[in-house]
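The residues making up each chain are set out below.
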Amino acid sequence: MSQSTPQPERSCHGRPPARRQDAHPVPDPVDITTAPDTVRASDAEREAVVERLRIASVEGRLTFEELTERTEAAYAAVSRGDLEHITADLPGMGAPGANPAPVQTKRRFSAVMGDCKERIAGRIDGPLEAVSVMGDVELDLRGAQVTTGEVLITATAVMGDVKIIVPDGVSVELSGHNFLGDRKVNVRDPHPGARVPVVRVNATAVMGDIKIVDDEHHAPVRRAIAEWWRDRK
């Protein structure tokens with residue numbers, strides 16, 4: 001009796017082929033239309049970020065310079081991704097507040113036949129006064145903390161000079177009068193309609209000069225060199 005030759009197993013057309021154990025599932029395609037970098041930011045979203053920055057400043061998380069820089073960036077933001085980048089290092093809303101900087105106890109800065117240079121790093125919670133009599137007073141507000149988003153300064157220059165340095169992007173309101181002297185504001189105009197921090201200066205110049213400048217106009221050569229060096233990296 002002869003032995004039959006085994007026949008090759010035929011596949012069943014009605015059964016799907018067995019899936020390999022080492023096969024990886026194919027990920028779902030990414031919808032690039034919902035990615036933050038591709039979604040345009042709305043005016044309401046920009047205003048919400050500006051309000052979050054203001055609260056962060058009140059909590060002592062941002063200096064006056066950081067507040068104005070980020071506020072300006074928020075109004076210039078194009079996408080949601082731009083806005084997220086501005087607040088990436090800030091905690092979410094409702095987080096415990098940070099300890100604010102110490103209060104700026106010295107509020108009157110004067111120079112009589114001499115010089116006075118002050119870089120304020122404390123928390124400004126009241127008006128400041130700068131008086132120059134045949135001398136020079138320089139106040140640098142860039143490192144200060146301004147919880148209200150507003151700084152009030154009374155400046156008087158009698159045969160002397162008062163220079164106030166503010167961060168880029170702030171709004172400056174100058175009032176007062178001068179007699180044989182000058183009152184000057186040399187800052188960039190803020191974004192139209194933007195709710196930016198404000199520096200209000202009541203200036204009296206008698207045979208003297210009172211100037212309010214931002215970082216860009218305070219040291220343009222040094223700033224240009226710093227930007228050139230940063231772009232090289």
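Residues numbered from 1 in each chain as written. Predicted model: local features only at pLDDT ≥ 70, side-chain atom pairs only at ≥ 80, totals over all residues. Heavy atoms only, no water.

Enquirer: Report on the environment of glycine 122, specifying residues and quantitative values.
Expert: With respect to the helices and strands, the residue glycine 122 is situated in the loop between strand 2 (115–119) and strand 3 (123–124). For the pair glycine 122 and proline 102, spaced 20 residues apart in sequence, the C-alpha separation works out to 5.3 Å. Ignoring sequence-local partners within four residues, the contact set of glycine 122 consists of Ala101, Pro102, Gln104, Ala144 and Gln145. (Helix = DSSP H or I, 4+ residues; strand = E, 2+ residues; numbered from the N terminus. Contact = heavy atoms within 4.5 Å.)

Enquirer: Describe the pairing of strand 11 (residues 198–206), listing the residues and the values that go with them.
Expert: Where strand 7 (residues 150–158) meets strand 11, nine bridges bridge the pair, whose relative direction is parallel. When the bridges of strand 11 are listed, threonine 154 appears paired with asparagine 202. As defined by bridge partners, strand 9 (residues 171–179) adjoins strand 11 across nine bridges and the pair is classed as parallel. Directly across from asparagine 178, in strand 11, lies its bridge partner alanine 205. (Pairing = 2+ DSSP bridges.)

Enquirer: How would you summarise the packing of helix 1 (residues 43–58) against helix 2 (residues 64–76) if you had to cite specific residues and measurements?
Expert: Remark: helix 1 packs on helix 2, axes separated minimally by 9 Å, with the N-to-C direction vectors making an angle of 170°. Considering their axes alone, helix 1 and helix 2 lie roughly antiparallel with respect to each other. On helix 2, the residues touching Arg46, Glu47, Val49, Val50, Leu53, Arg54 and Ser57 of helix 1 are Leu67, Arg70, Thr71, Ala74 and Tyr75. (Axes fitted to C-alpha atoms, helices over the stretch in contact; angles between N-to-C directions. Parallel < 35°, antiparallel > 145°, perpendicular 65-115°, else oblique.)

Enquirer: Explain the pairing of strand 7 residue by residue, including any values.
Expert: Judged by which residues are buried, strand 7 turns out to be one-sided: Val151, Ile153, Ala155 and Ala157 face inward and are buried, whereas Glu150, Leu152, Thr154, Thr156 and Val158, on the alternate face, are not. Sheet analysis places strand 4 (residues 128–133) next to strand 7, joined by six bridges and oriented parallel. In the strand pairing of strand 7, alanine 130 is matched with alanine 155. (Buried < 20%, exposed > 50% of the residue type's maximum accessible area, 1.4 Å probe, protein only.)

Enquirer: Pulling in residues and values, what's your account of the pattern of salt bridges?
Expert: This structure, assessed with the given rule, holds 14 salt bridges. Aspartate 43 is the salt-bridge partner of arginine 46, the closest N and O atoms lying 2.8 Å from each other. Of the two residues, arginine 46 and aspartate 43 both sit in helix 1, three residues apart, roughly one turn of that helix. Judged by relative accessible area, arginine 46 falls into the buried class, the value being 15%. Across the salt bridge formed by glutamate 129 and arginine 108, the nearest N and O atoms sit 3.4 Å from each other. Residue glutamate 129 is found in strand 4, and its partner arginine 108 is found in strand 1 (residues 108–112); the two are separated by 21 residues along the sequence. Residue classification places arginine 108 among the partly exposed positions, given a relative accessible area of 47%. (Salt bridge = Lys/Arg side-chain N within 4 Å of Asp/Glu carboxyl O.)

Enquirer: Break down the environment of threonine 68 for me, with residues and values.
Expert: Locating threonine 68 in the fold gives a position in helix 2. When its relative accessible area of 1% is taken as the criterion, threonine 68 is described as buried. For the pair threonine 68 and proline 190, spaced 122 residues apart in the sequence, the C-alpha separation amounts to 9.7 Å. If sequence neighbours within four positions are ignored, threonine 68 has contacts with Pro167, Asp168, Val170 and Pro197. There is a polar contact of 2.9 Å between the side chain of threonine 68 and the backbone oxygen of glutamate 65. (Polar contact = N/O pair within 3.5 Å; in protein donor to acceptor, adjacent residues only side chain to side chain.)

Enquirer: A description of helix 2 should follow, citing residues and the corresponding values.
Expert: Residues separated by three or four positions in an α-helix point in the same direction, a consequence of the helix having 3.6 residues per turn. If you check helix 2, its first and last C-alpha atoms are 19 Å apart, about what 13 residues at 1.5 Å a residue would give, namely 18 Å. Buried within helix 2 we find Phe64, Leu67, Thr68, Arg70, Thr71, Ala74 and Tyr75. (Expected span 1.5 Å × (residues − 1).)

Enquirer: Please provide a residue-by-residue account of the environment of alanine 205, values included.
Expert: Within the fold, alanine 205 resides in strand 11. Note on alanine 205: relative accessible area 0%, which makes it buried. In the structure, alanine 205 is positioned 28 residues away from histidine 177 in sequence and 6.7 Å away in space, judged by C-alpha atoms. Those residues within four positions of alanine 205 in sequence are excluded, and the remaining contacts are Ala157, His177, Asn178, Phe179, Gly181, Asp182, Arg183 and Ile210.

Enquirer: Lay out the sheet that holds strand 5 (residues 136–140) with the relevant residues and their values.
Expert: Taken together, the five strands give an open sheet; going across it, the order is 2-5-8-12-10, and neighbouring strands pair in parallel fashion. A strand with exactly one partner marks an edge of an open sheet, and here the two such strands are strand 2 and strand 10 (182–186). Strand-to-strand, the axes of this sheet are offset by a mean angle of 5°, without reference to chain direction. With six bridges connecting them, strand 8 (residues 161–166) and strand 12 (residues 209–214) associate as parallel partners. Among the inter-strand pairings, aspartate 161 is bridged to a residue of strand 12, identified as aspartate 209.

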